[in-house]
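# Commentary on secondary and tertiary structure
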Amino acid sequence: MKHSLQAAWERQRGIWFFNVRGDLIAGAVVALALIPEAIAFSLVAGVDPQVGLYASFTMAVVIAFAGGRPGMISAATGAMALLVVDLVGDHGLQYLLAATLLTGVIQILFARAKLARYMMFIPRTVMVGFVNSLAILIFLSQVPYLTDGNYTMWALVAVGLVLLYTLPHLPGYPRLLPAPLVIIVALTIVVWWQGLDTLQVGDMGEMPSGLPVFLLPDIPWNLETLQIIFPYSLALAVVGLLESLLTASIVDDLTDTPSGKNTEAQGQGIANIVTGFFGGMAGCAMIGQSVINIQSGGLGRLSTLAAGLFLLFFILVLGDLVAIIPMAALVAVMIMVSVATFDWSSLKTLHRLPRTDATVLVVTVVTVVVTHDLSMGVIAGVLLSAIFFARKMARAIEVTSELDAAEKTRTYRVTGQLFFVAVDKFIDEFDYREPIHNVVLDLRDVVLWDSSAVDAIDKVVGKFRRRGMEVEVLQPGGSSGELHDRLALHDKDVELGGGH
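This report concerns the structure included in the present document. (Residues numbered from 1 in each chain as written. Predicted model: local features only at pLDDT ≥ 70, side-chain atom pairs only at ≥ 80, totals over all residues. Heavy atoms only, no water.)

### As for the overall build of the protein
Regarding its fold elements, the protein presents 21 helices and six strands. Computed over its C-alpha atoms, the radius of gyration of the protein comes to 29 Å, more than 25% above the 23 Å expected for a compact globule of 500 residues. The principal-axis extents of the C-alpha atoms in the protein amount to approximately 100 × 60 × 55 Å. Residues classed as buried in the protein amount to 52% of the 500 residues present. Residue pairs at least 24 apart in sequence account for 83% of intrachain contacts in the protein once pairs closer than 6 positions are excluded. When the 31 positive and 42 negative side-chain charges of the protein are each reduced to one mean point, those points stand 8 Å apart. (Helix = DSSP H or I, 4+ residues; strand = E, 2+ residues; numbered from the N terminus. Rg over C-alpha atoms; globule rule 2.2 N^0.38 Å. Buried < 20%, exposed > 50% of the residue type's maximum accessible area, 1.4 Å probe, protein only. Contact = heavy atoms within 4.5 Å. Lys, Arg positive; Asp, Glu negative; His and termini not counted. Charge placed at Lys NZ, Arg CZ, Asp CG, Glu CD.)

### Here's the deal with the pattern of salt bridges
Evaluation of the coordinates by the stated rule reveals eight salt bridges. With a shortest N-O distance of 2.6 Å, Asp252 and Arg69 are connected by a salt bridge. Of this pair, Asp252 sits in helix α10 (residues 223–255) while Arg69 is found in the loop between α3 (49–66) and β1 (74–76), placing the two residues 183 residues apart along the sequence. A network of salt bridges, in which partner residues are shared, links Glu402, Arg413, Asp442 and Arg444. (Salt bridge = Lys/Arg side-chain N within 4 Å of Asp/Glu carboxyl O.)

### Considerations on the pairing of strand β4 (residues 409–418)
For a regular strand, side chains alternate in direction, first toward one face of the sheet and then toward the other. β4 sits mainly inside the fold: seven of its ten residues count as buried. Summarising the sheet, strand β3 (residues 398–404) and β4 pair through seven bridges and their orientation is antiparallel. Within the sheet, the bridge partner assigned to Val399 lies in β4 and is Val414. Here β3 folds back onto β4 in antiparallel fashion, the turn holding four residues, of which Lys408 has a positive phi close to 50°. Here β4 pairs with strand β5 (residues 438–448) via nine bridges, running parallel. (Pairing = 2+ DSSP bridges.)

### Quick notes on helix α21 (residues 478–487)
Within α21, burial applies to Ser480, Gly481, Leu483 and His484. Buried residues along α21 cover an arc of 160° about the axis, so they all sit on one side. Opposite the buried face of α21, at more than 90 degrees from it, the exposed residues are Gly478, Ser479, Glu482 and Arg486. As for α21, its buried residues are in contact with β5, α20 (451–466) and β6 (470–474). (Arc of directions from axis to C-beta.)

### Description of the packing of aromatic side chains
For any pair of aromatic rings, the description rests on two quantities: the centre-to-centre distance and the angle between the ring planes. Scanning the model with the defined rule gives 14 aromatic pairs in all. A ring pair is formed by Tyr151 and Trp154, whose centres lie 5.1 Å apart and whose planes are at 80°; its orientation type is edge-to-face. Taken together, the positions of Tyr151 and Trp154, both in helix α8 (residues 151–166) and three residues apart, correspond to about one turn of that helix. Taking the relative accessible area as the measure of exposure, Tyr151 reaches 69% and is therefore exposed. For Trp154, a relative accessible area of 38% gives the class partly exposed. Considering the side-chain rings of Tyr432 and Phe464, the 4.9 Å spacing of their centres and the 45° angle between planes classify their relative orientation as tilted. One end of the pair, Tyr432, is in the loop between α19 (423–428) and β5; the other, Phe464, is in helix α20, and 32 residues separate them in sequence. Taking the relative accessible area as the measure of exposure, Tyr432 reaches 14% and is therefore buried. Note on Phe464: relative accessible area 1%, which makes it buried. In this arrangement the basic side chain of Lys463 is found over the ring face of Tyr432, its NZ or CZ atom lying 5.4 Å from the centre. (Phe/Tyr/Trp six-rings, centres within 6.5 Å; stacked < 30°, edge-to-face > 60°. Lys NZ or Arg CZ within 6 Å of the ring centre and 35° of its normal.)

### Quick look at the side chain of Glu264
Assignment of secondary structure puts Glu264 in helix α11 (residues 261–277). Buried and unpaired, Glu264 has no salt bridge, with Arg301 as the nearest side chain of opposite charge at 6.5 Å. A distance of 3.2 Å separates a polar atom in the side chain of Glu264 from the backbone nitrogen of Arg69. Not counting residues within four places of it along the chain, the set of residues in contact with Glu264 comprises Ile63, Gly67, Gly68, Arg69, Met72 and Ser74. (Polar contact = N/O pair within 3.5 Å; in protein donor to acceptor, adjacent residues only side chain to side chain.)

### Some words on the sheet that holds β5
Spatially, the four strands line up as an open sheet ordered β3-β4-β5-β6, and their pairing is mixed. Both outer strands of the open sheet, β3 and β6, are each paired with one neighbouring strand and no more. Neighbouring strand axes in the sheet, compared pairwise and without regard to direction, differ in orientation by 15° on average. Sheet strands touched by α21: β5 and β6. Its angle to β5, the strand with the most contacts, is close to 125°. (Axes fitted to C-alpha atoms, helices over the stretch in contact; angles between N-to-C directions.)

### Notes on the pairing of β6
Sheet topology places β5 next to β6; five bridges connect them, and they run parallel. Note that in β6 the partner of Val440 across the bridge is Glu472. A crossover links β5 with its parallel partner β6, the connecting element being α20, and its sense is right-handed. (Right-handed = clockwise from strand over helix to strand, strands pointing away.)

### Side note on the environment of Ala380
Secondary-structure assignment places Ala380 in helix α18 (residues 374–394). The class for Ala380 is partly exposed, based on a relative accessible area of 22%. Through-space distance from the C-alpha of Ala380 to that of Ala113 is 24 Å; in sequence the pair is 267 residues apart. Other than its neighbours up to four places away in sequence, Ala380 contacts Val363 and Thr367.

Here it is as C-alpha cells:
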C-alpha cells in the first residue's frame, strides 16, 4: 500500500510539481495579461466584461486537468467572440450560454471520432502562416492603445520594451524572474507614485464582484432553440478545435514535448460545458498567452491551473490594485510576444521556397490579417495547398508506348497516380486514329484513387473499340485492382457509349 501511494505521488509530481516555481510565476504573468484581453473580447461579443473573465477562469482551470497539452492556456478568445456577435445581438446572453454548452458537446463528439488525426493535412507553410499572422494580429491589437494614447502612454511603452529586452541580459539578473512580471509591477508603481495620467486596466471595464455561480441558461429547451444555436455552436466547435490543435502543435515545437491531440479536443469540450454552466462565453486555446506562459517559465499543468486561479484572485481580491495597472505595461509585453511569435526565418527563406509554398504562406497571412479570423486563413491555406497538390499530381500520370508493326499492336504503359484531376491528361495521351488492329493497355503500375479514374479507363477503351480495335487491359493489383473490378464496365457485357 505504501509503495503504491508513493508511486502515485511520484507520477503526480512528475505531472504537476516538477516546475513549481516557474509554473506559479508564469501563471501570474499570464493572469495579468488575460484580464484586459478577456474584457476586450467580452466587449467584442457584446456582453458584460465578467462573461469573458469568468470564461477565462473556468476554461483555464478545467483544461489544466482535462487537456492533453501541459503548459497551454485556454480562455475567452477574439476568434470565438467574433463568431457570436450576431447571436448575442439577436437573442441575448442566455442563448450564448446555451450555444457554449452545445459547443462543448460537439467538441467531445469530435474527440470521440478522433478527428484530431486530420491535423496531418495542414501543411507546414499553413502552420508558419498561422503563426506569423497571429503575431501580426497581436501587434495590430495593441496599435489602438498607441494611436489613441498620449505622450505618457508612448513613453511608458518605450521604457517597458527597453527593459523587457535588456533586463534578462544584465549581469546578475535572476533568470527565474520573468521580465514581463517585473515590468508590470515596476510600471504600475511608477504610474501610482507619480500620479501619471494614462490608460489603466480598470478603464477597460468593471471587475466582477463575486464568484461565478452554477446556472442553467434561461431559454426554452425546444427544437426551435436548437435550430437557432446549432449553426453558431458548430462554427465555435470547429474554430475552437482548429485553433487549439494548431496551438498545441506550436507548443509541442516550443517545448520539444508531445501532446495528446484527441485528449485536448475532449478537454476543450469539457471546459466549454463547464464554462457555459458558470456564465462564461465559449473559449479555446490562446497561442499568444501560451507563448507568454512558455517564455515566462511555465511548462506543466500547474501553470495553466495557476493562471486561472491567479486570474480569479486578482479580479476578486486584488481588483483595486489590478485596476491601476497601466495598459502600457501590458501593451509592451504583448508587443514583445508578437515579435517573439513571428517566424522571422520564414522571411529569409521565402524566396527559396517553391512558388506554390510561398503563395500558400502569403495567402494564409493576408487572409487572417484582412479578416481578423485565424480559422479563415487556415482554411484558405489548406484549400490552396490542396489545389496546388492536385495540379501537381495531375502531371504525375505518364503514358509511354511501343508498336509491334508485324502484329499491328500498340502497347501503352501507364504509370503514376490516376484520379479526377489527371483524367483529361490521361485520355489525351492516346492516339485513337492510328491504323492498328490491337491495343494493349498496361495499367499494372498505376494507382487508381477514385471512380473518375476507372471511368477514364472505360472512356479510353470505348474510344478504341468504336474504331474497331481489340483492346486488352492489364489491370493494376491491390486496392486499385479491387476498385477496377468493382466499377469498370469495359470488361463486362456493357456497351461503352460515347457519353460514358
